[in-house]
Amino acid sequence: MNLPDAKIPPGPIEKKWQTWLDQHRLVGPNNRSDSKVIVIGTGLAGASAAASLAAQGFRVESFCFQDSSRRAHSIAAQGGINAAKDYANEGDSVRRLFHDTMKGGDFRSREANVWRLAELSENIIDQAVAQGVPFNREYGGQLATRSFGGVLVQRTFYSRGQTGQQLLLGAYSALQHQVASGNAVVHDRHEMLDLVLVDGQARGVIVRNLVTGEIERHAADAVILASGGYTNVYYLSTNAMGSNVTAAWRAHRHGALMANPCYTQIHPTCIPQSGEYQSKLTLMSESLRNDGRVWVPRKPGDDRAPTDIPDQERYYYLEERYPAFGNLAPRDIASRAAKVVCDDGLGVGGTGRGVYLDFRDAIAERGHDVIEGRYGNLFEMYENITGDNPYETPMMIYPAPHYAMGGLWVDYELQTTIPGLFAIGEANFSDHGANRLGASALMQTLADGYFIAPHTVAHYLTGDREPVSTSDSAFEQAEDAVESHITRLMDVDGTTAAQVFHREMGNVMLDNCGMARNAEGLERALTEIRAIKRDFWSDLRVDPGRDEFNQSLEYANRVSDFLELGELMCVDALRREESCGGHFREEHQTPDGEALRDDDRFAKVTAWEYRGEQGDPVPHDEPLTFENVKLATRSYK
Amino acid sequence: MIPVADFWNSTVGKKTVVAVTGTILVGYLILHMVGNLNSLFGPGGAEPRVDWYSGWLREIAEPLFPYAGVLWLARVILLGSIVIHITGVLQLNSRNRAARPSRYPARRIGRSWESGTMLVSGLLVLAFIIFHILQFTTLSITVTPLEHGAVYFNLYNAFQEWYFVVIYLAALVLVGIHLRHGIWSLVQTLGLDSPARNRGIRYGATALTLVIVIGFALVPVLFWTGVLGAPETEAAIASLAGGTA
Amino acid sequence: MKFKLEIWRQFETGEEGHFETFEVDGIDPEASFLEMLDQLNERLTGEKRRTVAFDSDCREGICGSCSLVIDDTPHGPRQVTSCQTYMRDFEDGSTIRVEPFRSTSFPVIRDLVTDRGALDRVIQAGGYTGATTGPQPEPNSMPVAPEVQERAMDAAICIGCGACVAACPNGSAMLFTGAKVTHLNLLPQGQPERANRAIAMVDQMDQEGFGGCTNFGECSRVCPQEISLDVIGMLNREYRRGRLGKRPKDPPAMRAQ
Ligand SMILES: Cc1cc2nc3c(=O)[nH]c(=O)nc-3n(C[C@H](O)[C@H](O)[C@H](O)COP(=O)(O)OP(=O)(O)OC[C@H]3O[C@@H](n4cnc5c(N)ncnc54)[C@H](O)[C@@H]3O)c2cc1C
Ligand code: HEM
Ligand code: HEM
Ligand code: SF4
Ligand code: F3S
Ligand code: FES
């Protein structure tokens, strides 16, 4: 199998998307209701795509595993969304946003995609405002912006610390509007368990109704996966409990390639872990780094209260190491810096895995009220969780797995290697390269969902297809496969909950495929994951009863896919013998500990092909070309 | 007329109607209380102030309306309000009970005690009103002497008996309970509340309730304690004479 | 820490439920309530007993999935979501009662899991602006005073958890519905559908079998987002204006400036 063409339109980068739009085929308004599109996921990407396609007149069936489409994980995004509107009059532009994103991603993304993303960013804000998203406003009523890690302009739009929630509720309500108009149907508490291919085209899905346990078949003319990221493979992450890789992984097993799976983002500002029992880590928005200063005591093992440590005995390591960006260094850099100081024994908190994020100076300078206005709800949330008051004592933070830059390989039209199967949002390998800048995931999910997929999917729908019905043998086979996977999970009948295996595997992943990786560790991880997998299949227990509400079955099923994904991530990390963005191979670093890229060998996307449970995955490379940015060592000093 | 039906059929519409009728009833109560306070002018010779007032009520706008016309109009509005108020309340109540599974844990989460007993306090007030009209309007409860048009005389006699005083004071407590939540509630229902105003409105509701309750209570208490003297009208003398005979 | 848990067990919708008692030990005070239940479930799995079903997803108080009535109070004692309730808030050795959110409109699916689809249907009735995807006006051409944005945001942060319904002695969804109507009706973008929105949403709310509001105020006291009762006043007002056909008057704060 060869990697198909990425279908990037010819011409100068500024014109590519317009060129594509001008030439794509259209479906007439009267014919649209003849086509049906399945959208898996109701996060920002899924809800916006479903609402937009339904509004155009296509029939849309949308699925999510939560009890309401409003609860998709996008709801948790806090900090904001980027757009090159230059309201702050700083000379920001599409080109600058493009450039920052390319550089932020350590030159491991496709130029054409990133440019389009930057170009569409403005429309997203307009769209969201029209839906009633209450972005913060300046006095005078104009939209407010702030700055975020990795950039020197204020282009981040926000709704207090609940930007994701407000954007999602906007997309959700647009989708509910379409449900009311009869163009879309939302199936909540339904989980996609398999993809159905007919004549090599994606023509439907097998889903499990999580309330009744019934296995259902749904046929369509195209399928869009907007199933989110897989960072929960680390068990402890900032993702929601239910976030999983199942939909993408099942597509992968049918031939959709998985690109750059090892690129994961470890977010620098999360509340540190406090105990074994913990089920997830809570992110504190990166926007806090706008006003908070990050430090650790200079003396190892200094156990004075942070407020008692005088300034000269504090190590403001980001400000010292990266004077230009200081506390606003990009995430991969800030995270690794925290790991380094903690490895050196300077870490604080019970586990020694924590650094301070201090607002003392900001409060002194700007006043309590201003800080409260900016971060009040985050401070409250922090206090709720830890019992400490950040107005009085510095926050404690530590990096945590947060975002998957890798995902299903897609071309410029966001189509995977399976015709008719599209992947959008965090589920695709997307536009962020090896590291995502803050506030750009929301931008990408919505660019994909509102403005790209609705056109590229429509374009695809003009092609030839036979009508299919759910009684087709392909559906039968897929359903049988799903049933037998469930039988396999239920028949193990051991004594250990899926959560236990998940936790074990998460620890292995974090230790060996986390903020820093090396060949030896990755090899070890592969062995350990395989051992956990064996244990899983010999000692798992799920509650009896497949034809009913059964959360332990849902969980076990997701973990079974994580176990396979974890392996692939390590394999990918092993093969990429360079350091770039979130992927830091210890063998490849500069003398002062910065990432060392190898552009000659690795300026490319690696997309993996599935070769069966026993077979080894096969890599395919898509070379990356750079015509509009200069490949440079990424410096934030 | 359809909109009116829709309005009445929705929970929000019905609740609004309950609030509007409640407001009318509160309005009446205030007027009634002020009217009653006329008795504080005392027996006042041949025509006690309160008797004059009662007569005036019936003679208002007389050339235009027949005798007691305005009074009857008011009575129709009042009766209508009470009927609508109670119908609305009962319908809402059955709907609300249906919305709640029967095994609902009855924990109160800061809900005021008054708000939880509106139906009971309201129904007891209704019982009182019936009794009260039988006593002072239709003059049917003749435990103590009653005379048409002789309000002061009627009140004086009734409130010489401790049990009437107790019944009226108890009724006033119930009215107070109903109004303390009711007055704040109607402001909220009518959408006049706001976070900035809420505290003020809550205090205002309590204050108005106190004014109404105390205003009413003065009458029986002052009669009972003898501060307000015996009536001196002809009817009184005649009745007293009859009584002693 | 050690607790005795009385947990509501119900196999499926319509079935009679009952309380089952469990003891848990060795609980870290910093564990969240849901993590405590996770631990219980891991143990039950080992004992080959059926685990306790409960909803959760984000576990940071924003998705609105978690929905436990803890000691007779929706979400528990601290007016935060169930997932943000920590065991340190309970007395060591105490007995804790755990139930699902109860309302006729929220049928129990299993144990502590309910179907809150009725809230989605209330949104379907009118909880949106009519804007479909496509070119939109430049946002700064319709300025919104920060005070108005703040008020809209105070309402818009509702997480749709349904605790207000579970707390209300009338099973009323007025706080939820009021929050959405307040959010959209305050903003210039929400004006075209303004009059109709409140009517349609209230009618749907009634059809779903939610009770009416008698101003108990308990909803707001359990709401993890501290949505103010004011939104109910706003809903009443907007409904009346819409229904009685009066052209809605813009509140002064909302005028473009
Ligand atoms: C705590 C946190 C804060 C963040 N803050 C920011 C920020 O400030 N700015 C920013 O730009 N980005 C932020 N991000 C990243 C951003 O939120 C996500 O990348 C983005 O929301 C992903 O959206 P999505 O639509 O792709 O997927 P999701 O929102 O994860 O949605 C996935 C959907 O797929 C459904 N689904 C999944 N699998 C299945 C299946 N098998 N069957 C059926 N349905 C399925 C789920 O039900 C869900 O509806 C943050 C992320 C986190 C974790
Ligand atoms: C101590 C308190 C009260 C006293 C002394 C009092 C006295 C009277 C008197 C004397 C009348 C007859 C007036 C007339 O015929 O001109 C009357 C009528 C009436 N009162 Fe009261 N009252 C009291 C409290 C109340 C309360 C609390 C209510 C309501 C809750 C009430 C409701 C009425 C009504 C409905 C009528 C009939 C009015 C009519 O239709 O003419 N009263 N009252
Ligand atoms: C006669 C029998 C009465 C009954 C059964 C009754 C019952 C009730 C009940 C149950 C409520 C609460 C309803 C709600 O909050 O939605 C209520 C509200 C109210 N009642 Fe009454 N009531 C009665 C008489 C009165 C009287 C005589 C008055 C005035 C003097 C009155 C004034 C009010 C007011 C102001 C409210 C508040 C309305 C609101 O909440 O918006 N009621 N009544
Ligand atoms: S109003 Fe509050 S309690 Fe009700 S659904 Fe919204 S957030 Fe939950
Ligand atoms: S508790 Fe219920 S009665 Fe109204 S004020 Fe809240 S909805
Ligand atoms: S689990 Fe999301 S709010 Fe509690």
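Residues numbered from 1 in each chain as written. Chains lettered and ligands numbered in written order. Predicted model: local features only at pLDDT ≥ 70, side-chain atom pairs only at ≥ 80, totals over all residues. Heavy atoms only, no water.

(A) Broad picture of the domain arrangement of chain C. All names here are of chain C. Each assigned domain of chain C is listed with its residue range as follows: domain 1 (3-113) and domain 2 (116-130 + 140-254). Taken together, both faces of the contact between domain 1 and domain 2 bury some 1400 Å²; the carbon and sulfur share is 61%. Here domain 1 is connected to domain 2 by one salt bridge. Residues D55 and R116 are paired through a salt bridge, measuring 3.8 Å at the closest nitrogen-oxygen approach. Within the side of domain 1 that touches domain 2, the residues separate by chemical class into seven nonpolar, ten polar and two charged. (Domains from an automatic or database assignment. Buried area = accessible area lost by both parts, 1.4 Å probe. Salt bridge = Lys/Arg side-chain N within 4 Å of Asp/Glu carboxyl O. Nonpolar A, V, L, I, M, F, W, Y, C, P; charged D, E, K, R; others polar.)

(B) Examining the arrangement of the chains more closely. Of all two pairs of chains that touch, the greatest number of contacts is found between chains A and C. No part of chain A reaches chain B; the closest C-alpha pair between them is 19 Å apart. (Contact = heavy atoms within 4.5 Å.)

(C) Expanded view of the coordination of the iron atom of ligand 2. All names here are of chain B. Protein coordination at the iron atom of ligand 2 comes from H32 (NE2) and H132 (NE2), with a distance range of 1.9 to 2.1 Å. Each of the six donor atoms bound to the iron atom of ligand 2 contributes to angles spanning 88 to 179°, and the resulting shape is octahedral. One end of the pair, H32, is in helix α2 (residues 11-36); the other, H132, is in helix α6 (residues 118-136), and 100 residues separate them in sequence. On the accessibility criterion, H132 (19% relative accessible area) is buried. (Donors = N, O, S within 2.8 Å, 3.2 Å for Na, K, Ca; no water. Tetrahedral: all angles 85-135°; square planar, octahedral: opposite > 155°, others 65-115°. Helix = DSSP H or I, 4+ residues; strand = E, 2+ residues; numbered from the N terminus. Buried < 20%, exposed > 50% of the residue type's maximum accessible area, 1.4 Å probe, protein only.)

(D) Examining the side chain of T189 of chain B more closely. Within the secondary structure, T189 of chain B sits in helix α8 (residues 162-189). On the basis of relative accessible area, T189 of chain B is assigned to the buried category, the value being 1%. If we ignore the near neighbours within four places in the chain, the residues touching T189 of chain B are K15, T16 and A19 of chain B together with N215, N236 and R240 of chain C.

(E) Up close: helix α14 (residues 519-539) of chain A. Residues and elements named next belong to chain A. Here α14 contains 21 residues, and its C-alpha end-to-end distance of 30 Å stays within 8% of the 30 Å for a straight helix at 1.5 Å per residue. Within α14, the full set of buried residues consists of G521, L522, A525, L526, I529, I532, K533 and F536. Seen end-on, α14 carries its buried residues on one side only, within an arc spanning 145°. Every exposed residue of α14 that faces more than 90 degrees away from the buried side is listed here: E520, T527 and R534. Those residues of α14 that are buried are in contact with α12 (473-492), α13 (498-512) and α15 (551-575). (Expected span 1.5 Å × (residues − 1). Arc of directions from axis to C-beta.)

(F) Quick peek at the side chain of S115 of chain B. By secondary structure assignment, the location of S115 of chain B is in helix α5 (residues 113-116). In contact with S115 of chain B, other than residues within four places in its own chain, are H181 of chain B together with F216 of chain C.

(G) Geometry of the interface of chain C and chain B. Residue-level contacts link 46 residues of chain C with 38 residues of chain B. Both sides of the chain C and chain B interface together cover about 3300 Å² of buried area, and 51% of this is carbon and sulfur. Among the residues chain C hides against chain B, the three largest losses belong to N215, E218 and R240 of chain C. Together they make up 17% of the total. Inspection of the region where chain C meets chain B yields two salt bridges. Notably, a salt bridge pairs D206 of chain C with R95 of chain B, separated by 3.3 Å at the nearest N-O pair. The tally of links from chain C across to chain B stands at 19 residue pairs in polar contact (both at pLDDT 80 or more). For the side of chain C that touches chain B, the secondary structure elements donating two or more residues are β4 (73-74), β5 (95-100), α4 (163-167), α6 (194-207), α7 (218-222) and α8 (230-243) of chain C. With eight residues, the top contributor of residues to the side of chain C that touches chain B is α8 of chain C. (Polar contact = N/O pair within 3.5 Å; in protein donor to acceptor, adjacent residues only side chain to side chain.)

(H) View of the packing of helix α2 (residues 44-56) of chain A against helix α5 (residues 163-180) of chain A. All names here are of chain A. Running from amino to carboxyl end, α2 crosses α5 at an angle of 35°, the nearest separation of the two axes being 8 Å. Pair α2 / α5 crosses with left-handed handedness. Residues L44, A47, S48, A50, A51, A54 and A55 of α2 form the contact with α5, whose participating residues are L167, L168, A171, Y172, A174, L175 and Q178. Split into classes, the residues belonging to the contact of α2 with α5 amount to twelve nonpolar, two polar and no charged. (Axes fitted to C-alpha atoms, helices over the stretch in contact; angles between N-to-C directions. Left-handed = near helix turned anticlockwise from the far one by under 90°.)

(I) Structural view of the sheet that holds strand β6 (residues 184-187) of chain A. Residue and element names in this part refer to chain A. Within the open sheet, the five strands sit side by side as β6-β2-β1-β10-β18. Their pairing is parallel. This sheet does not close on itself; its edge strands, each paired only once, are β6 and β18 (421-423). Put simply, the sheet's adjacent strands are angled 20° from each other on average, direction ignored. Inspection of the sheet shows strand β1 (residues 36-40) paired to strand β10 (residues 222-225) by four bridges, in the parallel sense. Opposite I38, over in β10, you have V223 as the bridge partner. Of the strands in this sheet, β2 (59-63) and β6 touch α5, which is tilted by about 115° from β6. (Pairing = 2+ DSSP bridges.)

(J) Here's a closer look at unusual backbone geometry. Residue and element names in this part refer to chain A. Residues other than glycine seldom take positive phi values, yet F107 does so here, at roughly 55°. Along the chain, the position of F107 falls in the loop between α3 (94-104) and α4 (111-130). Since its relative accessible area comes to 2%, F107 is described here as buried.

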